[in-house]
Number of protein chains: 2
Amino acid sequence: MVSQQEYGSQEKHLLAVDCVIFGYERGELKLLLFKRQLEPEKGKWSLIGGWVEPNETVEQAAERVLLNITGLRRIFQDEVKVFSAPDRDPGGRVVSVAFYALIDIKSHDKELVKQYGAQWWPVTKLPELIFDHAQMANSSLQKLREKASFELVGADLLPPEFTITQLRQLYNSIFSREFDPGNFRKKILSLNAVVRLDEKDTLDSKKGAYYYTFKKADEIDVSVRIVNS
Amino acid sequence: MVSQQEYGSQEKHLLAVDCVIFGYERGELKLLLFKRQLEPEKGKWSLIGGWVEPNETVEQAAERVLLNITGLRRIFQDEVKVFSAPDRDPGGRVVSVAFYALIDIKSHDKELVKQYGAQWWPVTKLPELIFDHAQMANSSLQKLREKASFELVGADLLPPEFTITQLRQLYNSIFSREFDPGNFRKKILSLNAVVRLDEKDTLDSKKGAYYYTFKKADEIDVSVRIVNS
DNA sequence: TCAAAAGTGTTTTTTATACACCCATGC
DNA sequence: GCATGGGTGTATAAAAAACACTTTTGA
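Fair warning: this is a prediction, and the values are worked out from it, not measured in the lab. The residue numbers shown here count from 1 along each chain, following its written sequence. Each chain is given a letter, starting from A, and each ligand a number, starting from 1, according to the order in which they appear as written. Where totals are concerned, whole chains, interfaces and linings use all residues; where local detail is concerned, this predicted model gives features only for residues with pLDDT of at least 70, and gives and counts side-chain atom pairs only at 80 or more. Heavy atoms from the whole structure form the basis of all side-chain values; hydrogens and water molecules are not counted.

Some points on the pairing of strand β4 (residues 48-51) of chain B
Residues and elements named next belong to chain B. Residues Ile48 and Gly50 of β4 are buried on one face, and the alternating residues Gly49 and Trp51, pointing to the opposite face, are buried as well. The pairing criterion is simple: DSSP has to find at least two bridges between the two strands. Under the scheme used here, helices are H or I runs from DSSP no shorter than 4 residues and strands are E runs no shorter than 2 residues, and both carry numbers assigned from the N terminus. In terms of strand pairing, strand β1 (residues 12-25) meets β4 through four bridges, oriented antiparallel. Within β4, the position partnered with Cys19 by the bridge is Ile48. Exposed residues in this analysis have more than 50% of their type's maximum accessible area, buried residues have under 20%, and partly exposed residues fall in between, with area computed by a 1.4 Å probe over protein chains only.

Description of the relation of the copies chain A and chain B
The least-squares superposition of copies is restricted to C-alpha atoms, and to residues with a pLDDT of at least 70 in both copies. With an RMSD of 0.1 Å, the fit of chain A onto chain B corresponds to turning through 179° and sliding 0.0 Å along the axis. Expressed as a symmetry operation, the mapping of one chain copy onto the other fits a two-fold axis. By the convention used here, residues are in contact when the closest approach between their heavy atoms is within 4.5 Å. When the interface residues of chain A are mapped onto chain B, 100% of them again fall at the interface, so both copies present the same face.

So, the protein's contact with DNA strand C
Taken together, the neighbourhood of DNA strand C is formed by 19 residues, with A:Thr165, A:Arg185, A:Lys186, B:Asn183 and B:Lys206 sitting nearest. Protein-proximal atoms of DNA strand C, defined as those within 4 Å of the protein, fall in sugar or phosphate at a share of 65%. Here a base nitrogen of DNA strand C sits 3.4 Å away from a polar atom, N or O, in the side chain of B:Lys186. Sorting the residues of the surface near DNA strand C by element identifies α5 (164-175), α6 (181-191) and β9 (209-214) of chain A together with α6 (181-191) of chain B as the ones contributing at least two each. Taken together, the residues of the surface near DNA strand C break down into two nonpolar, six polar and eleven charged. Distances are taken per atom, and a residue is near a molecule or strand as soon as one of its heavy atoms is within 4 Å of it. In protein, a polar contact requires one atom able to donate a hydrogen and another able to accept it; more generally it is a pair of N or O atoms within 3.5 Å, and residues adjacent in sequence count only if both atoms are side-chain atoms. The classification used treats Ala, Val, Leu, Ile, Met, Phe, Trp, Tyr, Cys and Pro as nonpolar, Asp, Glu, Lys and Arg as charged, and all other residues, Gly among them, as polar.

As for a positive patch on the surface
All names here are of chain A. What goes into a patch is any residue over 30% in relative accessible area without a salt bridge, connected to like charges within 9 Å or, for nonpolar side chains (Val, Leu, Ile, Met, Phe, Trp, Tyr), within 5 Å. Only the protein chains shown count as cover for residues, with accessible areas throughout obtained via the Shrake-Rupley method and a probe of 1.4 Å. The salt bridge criterion pairs a side-chain nitrogen of Lys or Arg with a carboxyl oxygen of Asp or Glu, the two atoms within 4 Å. Charge assignment in this entry is limited to Lys and Arg as positive and Asp and Glu as negative, and neither His nor the chain termini are counted. In plain terms, the charge of a residue is placed at NZ if it is Lys, CZ if Arg, CG if Asp and CD if Glu. The grouping of Arg185, Arg196, Lys200 and Lys207 at the surface amounts to a positive patch. With respect to the helices and strands, the residue Lys207 is situated in the loop between β8 (194-201) and β9. Since its relative accessible area comes to 74%, Lys207 is described here as exposed.

Comments concerning the packing of aromatic side chains
Note on aromatic pairs: the rings of Phe, Tyr and Trp (six-membered ring only in Trp) are paired at centre separations within 6.5 Å, and the planes decide the class, stacked below 30 degrees, edge-to-face beyond 60, tilted for the rest. Under the definition given, this model contains 23 aromatic pairs over all chains. With a centroid separation of 5.8 Å and an interplanar angle of 50°, the aromatic rings of A:Phe179 and A:Phe184 are classed as tilted. Considered together, A:Phe179 and A:Phe184 belong to a single accessibility category, that of buried residues. Measuring from ring centre to ring centre gives 6.1 Å for B:Phe22 and B:Tyr100, while their planes differ by 75°; the resulting arrangement is edge-to-face. Within this pair, whereas B:Phe22 is found in strand β1, its partner B:Tyr100 is found in strand β6 (residues 94-102), the two being separated by 78 residues in sequence. Here the two residues B:Phe22 and B:Tyr100 agree in accessibility, since each one is buried. Counted as over-ring charges are cases with an Arg CZ or a Lys NZ within 6 Å of the ring centre that also lie within 35 degrees of the ring normal. A cation over a ring is seen here: B:Lys200 above B:Tyr210, with NZ or CZ 4.6 Å from the ring centre.

Digging into the interface of chain A and chain B
Contact with chain A, which involves 51 residues of that partner, is made by 51 residues of chain B. Throughout, buried area stands for the accessible area (probe radius 1.4 Å) lost by two parts on being put together, summed over both. Taken together, the two surfaces of chain A and chain B that pack against each other cover about 4,400 Å², and 63% of this comes from carbon and sulfur. Where chain A meets chain B, there are two salt bridges. Where chain A touches chain B, the interface holds 15 residue pairs in polar contact (both at pLDDT 80 or more). It is helix α1 (residues 58-70) of chain A that provides the largest number of residues to the side of chain A that touches chain B, a total of five residues.

Structural notes on the environment of B:Ser9
Residue and element names in this part refer to chain B. For Ser9, the position within the fold is in the segment before β1. Judged by relative accessible area, Ser9 falls into the exposed class, the value being 53%. Along the chain, Ser9 and Lys187 lie 178 residues apart, while their C-alpha atoms are 57 Å from each other.

As for the domain arrangement of chain A
It is common to give the size of an interface as the accessible area lost on bringing the parts into contact. All names here are of chain A. We note that the domain assignment places domain 1 (11-148) and domain 2 (154-219) within chain A. All the domain ranges listed were derived from an automatic or database domain assignment. Here the C-alpha centroids of domain 1 and domain 2 sit 27 Å apart. Listed by partner, the interface residues are 15 residues for domain 1 and 13 residues for domain 2. Here domain 1 packs against domain 2, burying approximately 1,200 Å² in sum over the two surfaces, 62% of which is carbon and sulfur. Where domain 1 touches domain 2, the interface holds zero salt bridges. For the interface between domain 1 and domain 2, the tally reads four residue pairs in polar contact (both at pLDDT 80 or more). Those elements that provide at least two residues to the side of domain 1 that touches domain 2 are β1 (12-25), β2 (28-35) and α3 (133-150). Examining the composition of the side of domain 1 that touches domain 2, we find that four residues originate from one element, α3, more than from any other.

Here it is as structure tokens:
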């Protein structure tokens, strides 16, 4: 039986996490990328990663990496997939669990990011990435689209106060398509997940658009479809 | 920087896969479970697992485990999630990647299964499972429901020839609800994914029901919703 | 005054759901 | 002849999509 072999006689593996960090800025969905600081492929662009420690879960490892980079706790993150091709890392056999994370670019620690030589890249114009990191980024975008189809993702990517148009533009950039302004607005408001404030944004339009905030998670209706097909 | 540490100085981990094997028999969705043959928790029920070898991917490890158990190649399988709580396995720190698989119970090697002391259990009446295997089973069922919502899953679970009613009963058991016979039939036929044969099944009904087969994957329309909410 | 985004309303199309009803046949 | 599942048709409801139109205001 496969699992009958003793634990002790088994080969062990280097285990890492890699984080696909999404942000949203000036109408574009972006990814935080790093200049790799160790061989192999030193100097090329990559996702940020970290080793999994013996006393932590892979989720905790990802949280730790995200905290180190952004200074933020309680970031939304979700597992994407395990990448385990034996030769995926020329430096040796490393099995990596990819996570994607959503952050509000404005709220993260820019100093930390700068220290690491990191940079935000629009998802539509990514540079060449090392190893299988491009696959990780692609799979993550797909996962994000799935999530955004079933629930409102703005809470993690937008500032606390936002206009419906900004939310729509975020969705435009996630799905690379143009949502109808009228229909999108109606759909969002029907979800009963946002609250209108009294202030208006007057930067993006002359008339001014009301700001909204997200309701707390426990006040929101569950599982309503947002985007179809 | 998190990933700046040398590869050599890192702790390694025992890495395993666990397989949640779904089958369908006599109107019930079932799981193949095993009497665990090594300590700890020897003799209790569990999923089947195996170690990940240094020269293979986690997907290949799962394929190997499935082949050993069922005698079948090219089984449908999909990654569910990594389970990595440091204390999840009392025998030591083992990180496990859960996979779920779909097989046609009739076509697998019953002798092999018997050798392992394995048994098919209806998903609605599972025994107590070791470690976090119940969580693995739950997450897998959720994943299966997701998949079955967006595409027809019958091809892997049903015999090559099946009636629409059998397909509906499979969906009933996956979603634990009753689909309307008329509407389900119309929906399935509208997908243009099955072909009617000339033979009829006369076991389940007096009038007899036409057998159908699935079209090849590349002949099927992409991404049509089957089940909502 | 007019371009441009905000916001509302209306119409059409599509899809889901509920359910009536005929068919074929073994008992 | 009638109960049973097979199979088709229809009527209603709900949702999505297309798009017209009105409001506001800075340039």
